[in-house]
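Residue-level structure breakdown
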Amino acid sequence: MTGTHALRYIGMTLLAGTCIAIVQGGAGVITAQAPRSADISEAAVSALVSEIRALRAQLTESSQRGLRLQLLMGRIQMQEQRIAYLDRQRSEITAKLSEQMSNVMRMRAQTEVFGAGCNPSIERRECENQMRAVKQELATQEAAEQRLRAQEADLTNAVATEQGRWSDFNARLDELDRSLSAR
């Protein structure tokens, strides 16, 4: 229970105890002062019992709201942690993607060098083998770049989804705050 709810609970408990004490004390005074009227005392007891039941219902409702508030706060904290985790992952993938893009650019530059012609001191067959190896490596690097791009897009979507959930929980807290303020 939060501090505010604990204070409400204590206040309501004291109020209920005070009501019971007044009823008991009042019943003793009424008995001592005048002849007892069954209708009046039953009506008074019935009214006090109704009031105590109403107070108990309010305490129950207050307790339930406190629990809902704690649950929502826990969910918001979990969402914030999830968003931070996904954002860190996205940042790591973005850094890897940047590095991978540099590798692809370097490999493309090498293919352009081989495309311009081989060094006369290198045998033609060896030059073709090197060209083939560079092209295969370029294809591998481009495929790795595409996988990183897909991972980055997935993480970006996951972050957006989790932020939407966080907004939903926050809206629920706002709604709960408004309902508590209205009372």
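Residues numbered from 1 in each chain as written. Predicted model: local features only at pLDDT ≥ 70, side-chain atom pairs only at ≥ 80, totals over all residues. Heavy atoms only, no water.

1. Some details on the overall build of the protein chain
Stated precisely, the cut-off is as follows: Comment: elements are numbered from the N terminus, with helices defined as DSSP H or I runs of at least four residues and strands as E runs of at least two. Should any heavy atoms of two residues lie within 4.5 Å, those residues are considered in contact. What sets the accessible areas is the Shrake-Rupley method with a 1.4 Å probe; for residues, cover comes only from the shown protein chains.
If you tally the helices and strands in the protein chain, you get 3 helices and 0 strands. In the protein chain, the succession of α and β elements from N to C terminus is α-α-α. Within the protein chain, contacts between residues separated by at least 24 positions form 89% of all contacts whose residues are at least 6 apart in sequence. Accessible surface, the protein chain: about 13100 Å² in total, of which carbon and sulfur atoms supply 55%.

2. Quick word on the side chain of Q141
Structurally, Q141 is set in helix α3 (residues 124-182). With near-sequence residues (within four places) excluded, Q141 lies in contact with Q100, N103, V104 and M107.

3. Focus on the pattern of salt bridges
Rules: Think of a salt bridge as a Lys or Arg side-chain nitrogen and an Asp or Glu carboxyl oxygen that are within 4 Å of each other. A 1.4 Å probe rolled over the protein chains alone gives each residue an accessible area, and that area as a share of the maximum for its type sets the label: buried under 20%, exposed over 50%, partly exposed in between.
This model, assessed by the stated rule, comprises 7 salt bridges. Between D87 and R90 there is a salt bridge whose closest N-O contact spans 2.3 Å. Pair noted here: D87 and R90 are both in helix α2 (residues 38-116), with a separation of 3 residues, about one helical turn. Accessibility expressed as a relative area gives 28% for D87, which makes it partly exposed. By relative accessible area, R90 is classed as partly exposed at 24%. For the salt bridge of E162 with R165, the shortest nitrogen-to-oxygen distance reads 2.8 Å.

4. Some remarks on the nonpolar core
Rule in force here: Definition used in this section: a nonpolar core is a set of buried Ala, Val, Leu, Ile, Met, Phe, Trp, Tyr and Cys residues joined via side-chain atoms within 4.5 Å.
Ranked by size, the top nonpolar core spans 6 residues in total: L86, I93, L97, L148, L155 and V159. At the level of secondary structure, the elements contributing two or more residues to this core comprise α2 and α3. The contact partners of L97, leaving out residues within four places of it in the chain, are E145, L148, R149 and E152.

5. Brief notes about the side chain of E145
In plain terms, the rule: By the criterion applied in these results, polar contacts are pairs of N or O atoms within 3.5 Å in which, for protein atoms, one can donate a hydrogen and the other can accept it, and in which residues neighboring in sequence qualify only through two side-chain atoms.
Assignment of secondary structure puts E145 in helix α3. In this structure the side chain of E145 is engaged in a polar contact, spanning 2.8 Å, whose partner is the side chain of R149.

6. Details of the confidence of the model for the protein chain
Definition in use: As a per-residue measure, pLDDT reflects the predictor's confidence and takes values from 0 up to 100.
Summing up the model confidence of the protein chain, the mean pLDDT is 79 and the portion of residues at 70 or higher is 73%. The element-level mean pLDDT for the protein chain is lowest in helix α1 (residues 3-33), coming to 52, with α2 highest at 88.

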